[in-house]
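# Summary of structural features
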Amino acid sequence: MRIAIVNDMFMAVEALRRVVVKVPDYKLAWVAYDGVEAVNKCAADTPDLILMDVLMPSMDGVEATRQIMSQSPCAIVMVTASVNRYAAKVFEAMGYGALDAVNTPAFGDDGLLNKIATIARLIGKSSHQRSPPLHRLKSLPPLIVMGASTGGPKALTTILSQFPPDFPAAVVIVQHVDVEFVTGFATWLNEQIPMPVQLAIADTIPQSGKILVAGTNLHLVMRPDLTLGYDKEPLNFSSRPSVDVFFSSVAKNWTGQGVAVLLTGMGQDGAQGLKRLRQAGWHTIAQDRKTCIVYGMPKVAVELGAVVEVLPVEAIASACINFLPSALR
């Protein structure tokens, strides 16, 4: 994995460099000493991971993260002298797409290695590679999209644990969870189920056999070229990321087959998006009242006529599998 370091303090750069070179599979891509230099270097040579300082001259790490994630996105971990002291800036950077934050390591401190290993697993990169561009995809895999809120983690593990490791469909999940905990949630989910779980990185395309989880408090969206991205609009949605926004963008842009699942949760997020997917020919499923922790989101979807099947959570995986073309089962 190619790792870049962005920090204006020589001693911090050296401490981070020593961490990186300890692992043979980790290569130092480049070093930048402020945000402006980082944005330019990332555009010319995008690494797999950036260890980004928060406070720097010319352009701080928050603005650098915003520009990088919009121009040449990659995984970013914020590194600062004190995560707690600069929590507001750290969370702002996470809102733009940074995956996690860590205190600057002292010499001899190996704690950062565990953080890097976790990020490497989540983004599915041990070397620099991206999803194949759309024109190279011979055919689109079946896509399963899921939205969940209160009680969602348990419902998701119940469903996803029934999918085999080589499940021939792509899965994308929007779970309402604070951005501070989303990396931990993805790590936990990855440990519970057979399929690999990764945070959804901008500009990737959903791929067969992989589960992608919305990773910021911006809205996850599917673009016309079928890549995933993050968008702050619409601003008036209380849920961020919003299941409605994601489902609606999928209904508009995904041209392959699909199943959409709306799980337990308070409120009504996802109901309108599920209706748009059903109108676009998708097979839509809502979790039933009995197995929901909170029968809010699925209830509204049923009332809107957005649902083809209402099922207990234990039966949803089988319904998804049965929907796949027989040649893929």
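In this text, all values refer to a predicted model and were calculated from it rather than measured experimentally. (Residues numbered from 1 in each chain as written. Predicted model: local features only at pLDDT ≥ 70, side-chain atom pairs only at ≥ 80, totals over all residues. Heavy atoms only, no water.)

### Digging into the sheet that holds strand E14 (residues 309-311)
Working definition: the strands of a sheet are paired by backbone hydrogen bonds and lie parallel or antiparallel to each other. Spatially, 7 strands are ordered E8-E9-E7-E6-E12-E13-E14 in an open sheet, and the strand pairing comes out parallel. Single-partner strands in this sheet number two, and they are strand E8 (197-199) and E14. Within the sheet, the average angular offset between the axes of one strand and its neighbour, ignoring direction, is 20°. Alignment of strand E13 (residues 283-287) against E14, held across 3 bridges, turns out to be parallel. When the bridges of E14 are listed, Gln 287 appears paired with Leu 311. Lying on the sheet, helix H9 (residues 271-279) is in contact with strand E6 (143-148), strand E12 (258-262) and E13; it crosses E12 at an angle near 160°. Across the sheet, helix H11 (residues 313-323) lies against E6, E12, E13 and E14, angled at about 170° from E13, the strand it touches most. (Pairing = 2+ DSSP bridges. Helix = DSSP H or I, 4+ residues; strand = E, 2+ residues; numbered from the N terminus. Axes fitted to C-alpha atoms, helices over the stretch in contact; angles between N-to-C directions. Contact = heavy atoms within 4.5 Å.)

### Looking at unusual backbone geometry
With an omega of -5°, the peptide bond running from Glu 233 to Pro 234 counts as cis. Relative to the elements of secondary structure, Pro 234 occurs in the loop between strand E11 (228-231) and helix H8 (243-253). The amide bond that connects Arg 240 to the next residue, Pro 241, takes the cis arrangement and shows omega of 5°. Its location among the elements puts Pro 241 in the loop between E11 and H8. If you check the backbone angles, Leu 226 has positive phi at about 75° while not being a glycine. Relative to the helices and strands, Leu 226 resides in the loop between strand E10 (219-222) and E11.

### Quick look at the packing of aromatic side chains
For any pair of aromatic rings, the description rests on two quantities: the centre-to-centre distance and the angle between the ring planes. If you walk through the whole model with that rule in mind, you get 3 aromatic pairs. For the ring pair Phe 163 and Phe 167, a centre distance of 4.1 Å and an interplane angle of 10° mean the geometry is stacked. Assigned by exposure class, Phe 163 and Phe 167 land together as buried. (Phe/Tyr/Trp six-rings, centres within 6.5 Å; stacked < 30°, edge-to-face > 60°. Buried < 20%, exposed > 50% of the residue type's maximum accessible area, 1.4 Å probe, protein only.)

### Quick notes on H9
Looking at H9, one finds that the buried residues are Ala 271, Gly 273, Leu 274 and Leu 277. Projected down its long axis, H9 carries its buried residues within an arc of 160°, all on one side. Elements that come into contact with the buried residues of H9 comprise E6, H8, E12, E13 and helix H10 (297-303). (Arc of directions from axis to C-beta.)

### Remarks on the pattern of salt bridges
Per the counting criterion, the structure on display carries 8 salt bridges. The residue Arg 18 makes a salt bridge to Glu 14 at a minimum N-O spacing of 3.2 Å. Placement of the pair is Arg 18 and Glu 14 together in helix H1 (residues 10-21), with a separation of 4 residues, close to one helical turn. We note a salt bridge from Glu 37 to Lys 41, for which the minimum N-O separation is 3.2 Å. With a gap of 4 residues between them, Glu 37 and Lys 41 both fall in helix H2 (residues 35-44), about one helical turn apart. Taking relative accessible area as the criterion, Glu 37 reaches 26% and is therefore assigned partly exposed. (Salt bridge = Lys/Arg side-chain N within 4 Å of Asp/Glu carboxyl O.)

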